[in-house]
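What the coordinates show
Here are the chains, one letter per residue:
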Amino acid sequence: MEQVSSTGKPVQITVTDGYDLKGFKGDTPVTFVRAEFNQVVLGDSAKITVSPEGTAKYNFTSSFEFNPEGGITLDDLAHKPVFLTVTEVLPKEKKQRDEKTSILGQAVVDLLPLLEGESSFETVVPLHPVPGSPLEPLRSGVKQCSLEVKVFVSEPLLTPAQISGGSLLKVTLEAAYSVPESFIPIGPLQNYMVGLQVPSVGEKDYPILFKNGTLKLGGEREPVPRPKKWPIANILAPGANNIPDAFIVGGPYEEEEGELNHPEDREFRNQAECIKKRIIWDLESRCYLDPPAVVRVKEMIPPRPPLTRRTGGAQKASAKAKAVSDYHMQIKNISRAILEEYHRMFGKQVAKLGSDMDSETLEEHKCQLSYELNCSGKYFAFKEQLKHAVVKIVREKYLKTTSFESQEELQTFISELYVFLVDQMHVALNQTIPDDVQGAVSTIYTTSEQLRLFAFEAEVNENFEMAAVYYEERLVREPQNLEHWLDYGAFCLLTEDNIKAQECFRKALSLNQNHIHSLLLCGVLAVLMENYEQAEIFFEDATCLEPTNVVAWTLLGLYYEIQNNDIRMEMAFHEAFKQLQAQALQARVTKQKSTGTVEYVEEGGKVESSLGPWGVANGSSTTAIKVEAPAGPGAPLSVLDEFLEESSKLQSDSREPLLSIQSQDPTISQKLSNILLKEIPAKKETSKCQDSSTFLHPTTYGISQTPTTIFMETIRFLMKVNAVQYVHRVLAHELLCPQGGPSCEYYLVLAQTHLLKKDFAKAEEYLQQAAQMDYLNPNVWGVKGHLYFLSGNHAEAKACYERTISFVVDAAEMHFIFLRLGHIYLEEKEYEKAKKTYLQACKRSPSCLTWLGLGIACYRLEELTEAEDALSEANALNNYNAEVWAYLALVCLKAGRQLEAEQAYKYTMKLKLKDEALLAEIHMVQETVGFGNPSF
């Protein structure tokens, strides 16, 4: 066995047994095993006689040294297996001096489990026969000769940080299709190779090379599934080339990412993959990326200029608008070229004559210009230049991709197309000549607040891809607005993309290093990602920047709790409690001085408009309090006395104190909370973004409430940014805090966290507790409505929503209460109520969904004009909503507008309307009126 030095970590490979072995000579051949790794022989086993049953006890151990600083590295373990070659020792013949051997087969041991944190594993690997071997080839129904192997290291090769932060990059190269015809499989042997670079920790990038591609003639498609192969040459047994349990499975090309995956590419792909020559590799290479390299992958991507967003919602401009825009551009380019030619031919004459040029001269110039363009070939070039744009208009605007059935149909279409092209030509020319007198283009500009609302709607509807589009559009428009980065980071926390959330919060901090919320969120993410040293820096910076911030001190105390630093934890909680007491006192002073009520101004204004709750302007703490100086020097003491006296009366008369300034420190409950709480998990839990259909905006506290404890203040902050992993830890403190305990808001938060998990039973239980404590709280009824709506009990949801909107004070996020109540009214055919509800939503916070609901209600009431207006507004905000196009088609059918009805129907089908009942209704109306479907 090969000796290893003490500087690295030895990796031991032990071959214990062989099964179902056969030899060239006799039933009990003598065999031995040779172990190889990285083209180096690790050692040979003793010569063992195979039993009549085909088994052999090798008990052979070999090893190699893993040394990340040189020699064998993680990359070698990732893409290089251990080869075990079984060789038969043949009996000596007469007068034979040297011993003869013959190779029976070769087995492959994949070391990938070592890169997944394992320190040992056992496996049974098949022994693949070499050509001419007596061993049975691998096939079903036949016992396969095999080796039992154990792999062992004294300690894991990867640190916990490498396991959680690193990645294993797998790159599969299948084939290069439609290669040049000059590539021929005869003549000198050619080696076809493909290479790419992967970022590494060092200065040089790590190359991945795929060698030994095989040139094949066309005639048939490559079979699937087929095995992936090791990127290693000179493997003795053909079957040992295949990576265990790794196959190329193929699939529909429409589901591929990249290019050549559109319907118009089908014919080319069929020819390339069946008929043309190709080079086959079918190799998979692996590369380990440590945490710094994972970040460097993103940095390798070159910066892209932001795409210009067009009207019609946050999605990309429609193909129709793009086709017309391309046509305009070609008209402008051609007109400029013709003007340059005219100026070259007649510029001096025009300058001399000026306004004295008569019509005959102009006609003569026109004839000479036409002659020159035809003779020079420029006229033909202009037509070719314009042809592609016209084809796009035919496909995208008129959705015409098939041949015409008759000459009459062709002529009708050409006439209609000609009129449209001439009109659009005039539009383009009017924009070009002159350049400084361009008509104002009518656009529908969506504000940043609207985009935030649209993103929120997409979140609730679990359309996270669309929500990301809206958030990214806000960043494209205003990349220096840190509020947009914080909103996007909170969205990433919702989808549990902590790495991207961290990038967003750090970007916000780079825009304003004194922004308190950015500092706190960077600290929260550092804790979630177990970067505890960074977390301490962020939290302490926040407390230094704003020493009166209750949330900053509380989060710092929670951090010290995680670190089991009880003394500093108690100091931080005590400071937070002291600042909360000071704020309460100031609030009471304001109450006595002014109107007799405590005046709290929640950040971000009213709850309904609190979609951007970051307080960018003032960077204040969670609650901003209006304070005025008392009238005289003796006022503070007398006011304080009155305050303490009235506070004690309120506490004796009420189950839940409005404001608490007891001297007890909240840290006395820490020991018990440590028993109840577990550490924040390092890895994501199983509740991924698919459970987020129940997500509601976490700020569910529409009624002005006096902050009760430092922990409830912190809970509100964490719920705003979707840091739910942190919330349960703080809720335990709130429950055990002498100034806290169960409250209506406490149970509301608990209910909401269980809604995120779709645990409706628990959510209902906590909502019942909240209702018992504050039966007239509109937020309780609003969240109960969401619970019943999401669980399918629309009757109860309707009752809860109606009770919610009957309160004088609005609940938080009335937007979705109106949307869902309107939806229920439409289901129950209460169209007048639906119209009234959606009208309120459109007045408060208009969006595509609010206008769509209003349009549906008006259509059902046979108010076609109002329906069309509402649906047009919905279409302007998002022209990729198939349901909007469907109802526009119905309105046009009822109004007798055939062309518009057909166009709306085409877009309904193109966008793949999922509502089968609505589609059936469209077909029924089409049959009734006799038009509207181009297939008639």
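Note that this is a predicted model, so its numbers are computed, not measured.

1. Here's the deal with the overall build of the protein
- Scanning the protein for helices and strands turns up 31 helices and 18 strands.
- Relative to its 936 residues, the protein shows a buried fraction of 46%.
- Intrachain contacts of the protein at a sequence separation of at least 6 include 67% that bridge at least 24 residues.

2. Description of the packing of helix α14 (residues 532-545) against helix α15 (residues 550-562)
- For the pair α14 and α15, the least separation of the axes is 9 Å and the interaxial angle reads 155°. Taken together, the axis directions place α14 and α15 in an arrangement best described as roughly antiparallel. The element α14 and its partner α15 pack so that their crossing is left-handed. On α15, the residues touching Tyr532, Ala535, Glu536, Phe539, Glu540, Ala542 and Thr543 of α14 are Ala552, Trp553, Leu555, Leu556, Tyr559, Tyr560 and Ile562.

3. Side note on the UniProt feature "repeat: TPR" (unreviewed entry) in the protein
- The feature "repeat: TPR" (unreviewed entry), as given by UniProt, occupies residues 815-848 in the numbering adopted here.
- Span residues 815-848 is 82% helix and 0% strand, its end C-alpha atoms 13 Å apart.

4. Re the environment of Ala176
- Within the secondary structure layout, Ala176 lies in strand β11 (residues 167-177).
- A relative accessible area of 27% means that Ala176 is categorised as partly exposed.
- For the pair Ala176 and Lys277, spaced 101 residues apart in sequence, the C-alpha separation works out to 8.8 Å.
- Look past the residues within four positions of Ala176 in its chain and what remains in contact with it is Lys277, Arg278, Ile279 and Trp281.

5. Some points on the layout of surface pockets
- Estimates place the volume of the second largest pocket at around 1,500 Å³.
- At the level of secondary structure, the elements contributing two or more residues to the lining of the second largest pocket comprise α9 (448-460), α10 (464-477), α25 (814-827), α26 (831-844), α27 (848-860), α29 (882-895) and α31 (916-929).
- Classifying every residue of the lining of the second largest pocket by side-chain character gives 21 nonpolar, 7 polar and 10 charged.

6. Some remarks on the packing of aromatic side chains
- What the rule picks out here adds up to 17 aromatic pairs.
- Measuring from centroid to centroid gives 6.1 Å for Tyr488 and Phe491, while their planes differ by 15°, and the two rings are stacked. Residue Tyr488 and its partner Phe491 are located together in helix α11 (residues 482-494), separated by 3 residues, close to a single helical turn. An identical accessibility class is assigned to Tyr488 and Phe491; each is buried.
- The interplanar angle of 70° and the centroid separation of 6.0 Å between the aromatic rings of Tyr859 and Tyr887 together place this pair among those described as edge-to-face. Of the two residues, Tyr859 sits in helix α27 while Tyr887 sits in helix α29, which places them 28 residues apart along the sequence.
- Judged by its relative accessible area of 3%, Tyr859 falls in the buried class.
- Note on Tyr887: relative accessible area 6%, which makes it buried.
- Each residue in the set Phe464, Tyr471, Tyr488 and Phe491 is aromatic and connected to the rest through ring pairs, giving one cluster.
- The ring centre of Trp781 lies 4.4 Å from the NZ or CZ of Arg803, which sits over that ring.

7. Let's talk about the pattern of salt bridges
- Using the criterion set out here, one finds 34 salt bridges in the structure.
- Close ionic contact of Lys228 with Glu284 constitutes a salt bridge, the shortest N to O distance being 3.2 Å. Linking Lys228 in strand β14 (residues 226-229) with Glu284 in strand β16 (residues 278-289), this pair joins segments that are 56 residues apart in sequence.
- Take Lys228: its relative accessible area is 15%, and that puts it in the buried class.
- Ionic contacts of the salt-bridge type, sharing partners, join the residues Asp110, Lys228, Glu284 and Arg286 into one network.

8. Notes on the sheet that holds strand β1 (residues 9-19)
- A sheet is described by the order of its strands in space; here 4 strands give the open sequence β5-β1-β10-β8, paired in antiparallel fashion. The open sheet has two free edges, formed respectively by β5 (56-66) and β8 (120-126), since each of these has just one partner strand. This sheet shows a mean twist of 20° between the axes of neighbouring strands, independent of strand direction.
- Two elements, β1 and strand β10 (residues 146-153), share 8 bridges in a ladder whose sense is antiparallel. When the bridges of β10 are listed, Ile13 appears paired with Val151.

9. Brief notes about the environment of His794
- Within the fold, His794 resides in helix α24 (residues 794-806).
- The spatial distance from the C-alpha of His794 to the C-alpha of His823 is 9.7 Å, given a sequence separation of 29 residues.

What counts as what
Residues numbered from 1 in each chain as written. Predicted model: local features only at pLDDT ≥ 70, side-chain atom pairs only at ≥ 80, totals over all residues. Heavy atoms only, no water. Helix = DSSP H or I, 4+ residues; strand = E, 2+ residues; numbered from the N terminus. Buried < 20%, exposed > 50% of the residue type's maximum accessible area, 1.4 Å probe, protein only. Contact = heavy atoms within 4.5 Å. Axes fitted to C-alpha atoms, helices over the stretch in contact; angles between N-to-C directions. Parallel < 35°, antiparallel > 145°, perpendicular 65-115°, else oblique. Left-handed = near helix turned anticlockwise from the far one by under 90°. UniProt positions renumbered as here; feature names shortened; annotations may be inferred. 1 Å grid on protein atoms, 1.4 Å probe; cavity = no way out; pocket = protein on both sides within 12 Å on 5 of 7 lines; lining within 4 Å. Points joined across faces, edges and corners; volume = space filled by probe spheres on them. Nonpolar A, V, L, I, M, F, W, Y, C, P; charged D, E, K, R; others polar. Phe/Tyr/Trp six-rings, centres within 6.5 Å; stacked < 30°, edge-to-face > 60°. Lys NZ or Arg CZ within 6 Å of the ring centre and 35° of its normal. Salt bridge = Lys/Arg side-chain N within 4 Å of Asp/Glu carboxyl O. Pairing = 2+ DSSP bridges.

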